[in-house]
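This is what each chain is made of:
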Amino acid sequence: MQIMTVSDRIMDRLYNSQLDERYRDIDLLISCGDLPYYYLEFLLSALNTSLVYVRGNHDGGPQYTADGRTLNRPQGGADLHGRVINHNGLLIAGLEGSMRYKPSAPLMYSEGQMAVQVAALTLKLLRITSYQGRNLDILVTHSPPFGIHDEPDLAHTGFKAFLPLIRFFKPRYHFHGHVHIYRNDTFRETTYKQTKIINVYPLGLFEIDS
Ligand SMILES: [Zn+2]
């Protein structure tokens, strides 16, 4: 299955009517957040594919488009937060948001609040993986795990709660965004136990067997 991942930055080479040939056969588009809904809707239509996404810390509130529409969600996509989806044989789960760095702002979670989200997702995953007799294939989050691709400031600190989730369910891939990459020598891919953890900022292409 050909998978495109996007996160955090609008790419001019995608956001135009002359889409490159190599983007013609995308089976699934995954957004790791902090992207405008109109952009995701454009990609969904231009790539003629399916979309699953999590929201980032900058995705709160209704979004207003140039043609006067109000968007609360990207139309046609599936929000992965706290959910497990089977997409053509690939088991995919997701968690939105970033570390809380402003009180009461939406789409931000303290470590304890995220641990609650992870516990709820764990129960669903236990049920679904045992019922379907298969493992989690892809974990999608906006933030990275603690200590992997994260940064020392509070806003970009990763979540410790993701680490036991990854160790227990052993997804083949963990895609995240949130941490912008400005240097070529920045780590964007780390193997943790059996999982490839990848900072997809701003665009990635993956061939994954279902
Ligand atoms: Zn972010």
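None of the values given here were measured: they were computed from a predicted structure.

## Some details on the pairing of strand S13 (residues 189-192)
Pairing analysis gives four bridges linking S13 to strand S14 (residues 195-199), with the strands arranged antiparallel. When the bridges of S14 are listed, Thr 190 appears paired with Ile 197. Hairpin connection, S13 to S14: the antiparallel pair is bridged by two residues, and Lys 193 has positive phi, about 55 degrees.

## Topic: the coordination of the zinc ion
Protein-derived coordination of the zinc ion comes from Asp 34 (OD), Asn 57 (OD1), His 142 (NE2) and His 178 (ND1), at a distance range of 2.1 Å. Linear spacing of the donor residues for the zinc ion on their chain is D-x22-N-x84-H-x35-H. Here Asp 34, found in the loop between strand S2 (28-31) and helix H1 (37-47), pairs with Asn 57, found in the loop between strand S3 (50-53) and strand S4 (63-64); they are 23 residues apart in sequence, far enough to count as distant. Neither residue differs from the other here; Asp 34 and Asn 57 are each classed as buried.

## Here's the deal with the sheet that holds strand S6 (residues 77-79)
Sheet architecture is open: five strands sit in the order S6-S3-S2-S1-S15, paired in mixed fashion. Looking at strand neighbours, the two that pair on one side only are S6 and strand S15 (203-207), the edges of this open sheet. Direction aside, neighbouring strands of the sheet carry axes that sit 20 degrees apart on average. Taken together, the four bridges between S2 and S3 define a ladder with parallel strand orientation. Bridge assignment links Ile 30 to a residue of S3, and that residue is Val 52. Of the strands in this sheet, strand S1 (2-6), S2, S3 and S6 touch H1, which is tilted by about 165 degrees from S2.

Parameters and conventions
All residue numbers here refer to positions counted from 1 along the written sequence of the relevant chain. With pLDDT at 70 or above as the cut-off, local features in this predicted model cover only qualifying residues; side-chain atom pairs require 80 or more to be listed or tallied, and sums for whole chains, interfaces and linings still use all residues. Hydrogens and water molecules were not included; the side-chain quantities draw on all heavy atoms of the structure. Any two strands with at least two DSSP bridges between them are considered paired. Each helix is a run of DSSP H or I of at least 4 residues and each strand a run of E of at least 2, with the numbering of both proceeding from the N terminus. In this listing, donors mean N, O and S atoms no farther than 2.8 Å from the metal, or 3.2 Å for Na, K and Ca; water is missing from the atoms, so a site can look incomplete. Relative accessibility under 20% of the residue-type maximum defines a buried residue, over 50% an exposed one, and the middle range a partly exposed one, all with a 1.4 Å probe and only protein chains included. The axes used here are C-alpha line fits, helices contributing only the stretch in contact, and every angle between their N-to-C directions lies in the interval 0 to 180 degrees. The criterion used for residue contact is that any of the two residues' heavy atoms lie within 4.5 Å.

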